[in-house]
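Each chain, letter by letter, is given below.
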Amino acid sequence: PPSAEKDSVSDDLKEMEIMITEILESERMKNGLIKLNLLPVKVEVLMQNLLENYKREKSRVVLLPVSTGLIINVDENKIMTVLRNLVDNSLKYSPAQSPPVEINVIRRGHTITIQIEDCGPGIPEDQLPFVFEPFYRADLSRSRKTGGYGLGLHLCKRIMDLHKAEIKLRNKPEIHGLIAALTFESFEP
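Because the structure is a prediction, the values reported are computed rather than measured. (Residues numbered from 1 in each chain as written. Predicted model: local features only at pLDDT ≥ 70, side-chain atom pairs only at ≥ 80, totals over all residues. Heavy atoms only, no water.)

Notes on the overall build of the protein chain
Alright, step 1. Each helix and strand counted, the protein chain has four helices and seven strands in total.
Alright, step 2. In the protein chain, the order of α-helices and β-strands from amino to carboxyl end is α-β-α-β-β-α-β-β-α-β-β.
Alright, step 3. Here the protein chain holds 189 residues, and the buried ones make up 40% of them.
Alright, step 4. Nonlocal contacts in the protein chain, meaning residues at least 24 apart in sequence, comprise 71% of its contacts between residues at least 6 apart.
Alright, step 5. Accessible surface, the protein chain as shown: approximately 11,300 Å² in total, 55% of it carbon and sulfur. (Helix = DSSP H or I, 4+ residues; strand = E, 2+ residues; numbered from the N terminus. Buried < 20%, exposed > 50% of the residue type's maximum accessible area, 1.4 Å probe, protein only. Contact = heavy atoms within 4.5 Å. Areas by Shrake-Rupley, 256 points an atom, 1.4 Å probe, with all protein chains shown as cover.)

Below you can see the structure in the form of structure tokens.
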């Protein structure tokens, strides 16, 4: 019958299923078993599709104006996985009353950077080099509130590596927060 214990076991099983799926996906990428479906994607459309995932968090996620005509050659589903993971992390670690998570698209020469900036606690500088390692958690006090197994950023790094693109995390100087930056070569047909 329904009970708190049953709900707890059900939640644990869901978490384990997610963890196993992430481990398998990571191993498939590591072993070259994942083929990307690379297509030219308009960045402004990609960003609007991303925002669709955060309708309920509308006041907590802000997209700064995006220039039209910016195109990257990516597997949209895989890149959407990376973007959602980064925005989810930003929301998870930013206090509810903090300024919103900002998403900004920056073009520099032949590169396009999608930047996600939050007002959370950031990551201790000595731990930044390790955050893309599997099962590494800068937040050692894993709880239901923060969740995760240290696989999300590892998976993001693998996806970006498959795209021959770059992912970097850095703390905001002088104030709390983290900036995640995804840098792609712009697509020129």
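Picking up after the structure, the text goes on.
What about the environment of V43?
Alright, step 1. Relative to the assigned elements, V43 resides in helix α2 (residues 43-52).
Alright, step 2. C-alpha of V43 to C-alpha of I72: the two residues are 29 residues apart in sequence and 6.8 Å apart in space.
Alright, step 3. Leaving out residues up to four positions away in the same chain, V43 has contacts with V66, L70, I71, I72, V105 and I112.

Remarks on the packing of helix α3 (residues 76-93) against helix α4 (residues 152-162)
Alright, step 1. The geometry of α3 relative to α4 is characterised by a closest axis approach of 9 Å and an angle of 145° between their N-to-C directions. Along this stretch, α3 crosses α4, giving a crossing that reads as left-handed. In this structure, α3 uses K78, I79, T81, V82, N85, L86 and N89 to contact α4, whose residues at the interface are G152, L153, C156, I159 and M160.
Alright, step 2. Residues belonging to the contact of α3 with α4 are distributed by class as follows: seven nonpolar, four polar and one charged. (Axes fitted to C-alpha atoms, helices over the stretch in contact; angles between N-to-C directions. Left-handed = near helix turned anticlockwise from the far one by under 90°. Nonpolar A, V, L, I, M, F, W, Y, C, P; charged D, E, K, R; others polar.)

A look at unusual backbone geometry
Alright, step 1. Backbone geometry places K164, a non-glycine residue, at a positive phi of 55°.
Alright, step 2. Following the sequence through the fold, K164 ends up in the loop between α4 and β6 (166-171).

Concerning the sheet that holds strand β4 (residues 101-108)
Alright, step 1. With mixed pairing, five strands are arranged side by side in an open sheet as β2-β4-β5-β7-β6. Strands with a single pairing partner mark the edges of an open sheet, and in this sheet they are β2 (61-63) and β6. Across the sheet, the mean angle from the axis of one strand to that of its neighbour is 20°, orientation sign disregarded.
Alright, step 2. Relative to strand β7 (residues 178-185), strand β5 (residues 111-117) is paired through seven bridges, and the arrangement is antiparallel. Paired with T111 across the strands is E185, a residue of β7. (Pairing = 2+ DSSP bridges.)

Topic: the pattern of salt bridges
Pairing of side chains with opposite charge becomes possible as their charged atoms draw close.
Alright, step 1. Tallying each qualifying case throughout the model produces five salt bridges.
Alright, step 2. A salt bridge links E117 to K172; the nearest nitrogen and oxygen atoms lie 3.3 Å apart. Here the residue E117 occupies a position in strand β5, and K172 occupies one in the loop between β6 and β7, the gap between them amounting to 55 residues.
Alright, step 3. Relative accessible area serves as the criterion here: at 24%, E117 is assigned to the partly exposed category. (Salt bridge = Lys/Arg side-chain N within 4 Å of Asp/Glu carboxyl O.)

Examining the packing of α2 against α3
Alright, step 1. Contact geometry for α2 and α3: axes closest at 10 Å, N-to-C directions at 55°. As summarised for this structure, α2 and α3 are arranged oblique, according to the angle between their axes. With respect to the hand of their crossing, α2 and α3 are arranged in right-handed fashion. Taking contact as the criterion, the partners of L46, M47, N49 and L50 in α2 are, on α3, E76, I79, M80, L83, R84 and V87.
Alright, step 2. Of the residues belonging to the contact of α2 with α3, the class tally is seven nonpolar, one polar and two charged. (Parallel < 35°, antiparallel > 145°, perpendicular 65-115°, else oblique.)

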